[in-house]
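# Residue-level structural notes
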Amino acid sequence: MADGGSGRHRLDKKDEQGSAKLNSRKRRRESSGSNGSAEEVIAKVSRSSFGLREPAPFSDEIEVDYSKPYVRVTMEEAKKGTPGDRPVRVYADGIFDLFHSGHARALMQAKNLFPNTYLIVGVCSDELTHNFKGFTVMNENERYDAVQHCRYVDEVVRNAPWTLTPEFLTEHRIDFVAHDDIPYSSAGSDDVYKHIKEAGMFAPTQRTEGISTSDIITRIVRDYDVYARRNLQRGYTAKELNVSFINEKKYHLQERVDKVKKKVKDVEEKSKEFVQKVEEKSIDLIQKWEEKSREFIGNFLEMFGPEGALKHMLKEGKGRMLQAISPKQSPSNSPTRERSPSPSFRWPFSGKTSPPSSPANLSTPSLRSLGSFDGELP
């Protein structure tokens, strides 16, 4: 029986199983919040290095002890967990052309089918693949190497058979065969895994939707011109890309046109940005102008309006001017003062008497006193 540690530096089996569980990103959904909305929570693990340090060995490089009899375990025994020195040997085969995440996920499922699993992966050769399926992008050595460096693989079988025979299953002491449950019609059979299913050795896995080798090739064929132009720019020759002389010139012309288009697009984007900035600046200036205009109109009305400060100032000034020009008039009828009676005075040459004169009248005779002579001078 093949020892899991032969020809390869790896961790202890228990640590390996623990690492597989810790490194699997477990997700759980919990209802949180008042509205009961479900949120996706990622279970975090402590940071540590559980990765293997070397690629998986090939089956023909491993020594197998055939002295010990090999008895296949049942599904119930495998699910319960086998002893550490007797892992469940699971086999998964395929072409693995353009090795991608869909392949890796399928092998991850096969590795985690049982608590203690030893995963053997068979890769078909170029001859078998070209005969039964079609031409591959990667050759067999490249495909072997890609599978070797997948972390879930413990052993790689080169030149794996297209149809699994009892002799092959016995030689590699396989307990279960892992593959997706979709019938795989090939080599004149409706399902090449039919006899495996009937023997109770089939362990189904799930395909990863949206990714496959055929999908990747379809993308390349669909965007062939883009990839051809890109590789011509990188220095590949038209002969290496199997591109004709006319197509090569066409690709170069398209590349120049694309550069011009890109420059025009850049200018348009810069122009749009400039216009947008001018518009924003204009809007800002208009808003400031409106604010200043409202402020100016308010100040103007406050000064020159119907009830403005200027009107009050004019009223006050007018009142002061009128008061200065036209003072208050004195009363028209002044009160008469009563004179005290004085003794009458008679002139010596006249029989008439005249009222006594005040000292002022004595010094400066008035008209009335002058007319009182009446020509009666002595």
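The name recorded for the protein chain in an unreviewed UniProt entry is choline-phosphate cytidylyltransferase, from Monodelphis domestica. The record held by UniProt for the protein chain lists under Sequence similarities (unreviewed entry) the comment "Belongs to the cytidylyltransferase family." Looking at the Catalytic activity (unreviewed entry) heading of the UniProt record, one finds this comment for the protein chain: "phosphocholine + CTP + H(+) = CDP-choline + diphosphate".

### Re the overall build of the protein chain
From N to C terminus, the protein chain includes 13 helices and 9 strands. Across the protein chain, contacts joining residues at least 24 apart in sequence account for 67% of those joining residues at least 6 apart. Accessible surface for the protein chain amounts to roughly 28200 Å². Of this, 55% is attributable to carbon and sulfur atoms.

### Considering the pattern of salt bridges
Inspection of the entire model under this criterion finds 12 salt bridges. With a shortest N-O distance of 3.5 Å, D181 and K197 are connected by a salt bridge. Note that D181 is positioned in the loop between β6 (176-180) and α7 (194-198) and K197 in helix α7, a separation of 16 residues in sequence. The class for D181 is partly exposed, based on a relative accessible area of 49%. Ionic contacts of the salt-bridge type, sharing partners, join the residues D181, D191 and K197 into one network.

### Focus on the side chain of E155
Along the chain, the position of E155 falls in strand β5 (residues 155-158). Buried charge E155 goes without a salt bridge, the closest partner of opposite sign being R89 at 4.0 Å. Of note is the side chain of E155, whose polar atom sits 2.9 Å from the side chain of Y118. When sequence neighbours within four positions are dropped, the list of residues in contact with E155 reads A56, P57, F58, S59, I62, R89, Y118, L119, I120, V121 and H172.

Reading guide: rules and limits
- Every chain is numbered on its own, with residues counted from 1 as its sequence reads.
- Local features in this predicted model are restricted to residues whose pLDDT is 70 or higher, and side-chain atom pairs enter the listing and the counts only when it is 80 or higher, whereas totals over whole chains, interfaces and linings include all residues.
- Side-chain measures were taken over the full set of non-hydrogen atoms in the model, leaving aside hydrogen atoms and water.
- UniProt positions are given in the numbering used here, feature names are shortened, and annotations may be inferred rather than shown by experiment.
- Each helix is a run of H or I in the DSSP string that is no shorter than four residues. Each strand is a run of E no shorter than two, and both are numbered from the N terminus.
- We call two residues contacting when some pair of their heavy atoms lies within 4.5 Å.
- Under the convention used here, a 1.4 Å probe and the Shrake-Rupley method define accessible areas, while residue burial counts only the protein chains that appear.
- Take a side-chain nitrogen of Lys or Arg and a carboxyl oxygen of Asp or Glu: if they are within 4 Å of each other, that pair is a salt bridge.
- Relative accessibility thresholds used throughout: buried, under 20% of the residue-type maximum; exposed, over 50%; partly exposed, between the two (1.4 Å probe, protein chains only).
- Under the counting rule used here, the positive set is Lys and Arg, the negative set is Asp and Glu, and His together with the chain ends is not counted.
- Pairs of N or O atoms within 3.5 Å make up the polar contacts considered here, provided that, within protein, one atom can donate a hydrogen while the other can accept it, and that residues adjacent in sequence are counted only when both atoms are side-chain atoms.

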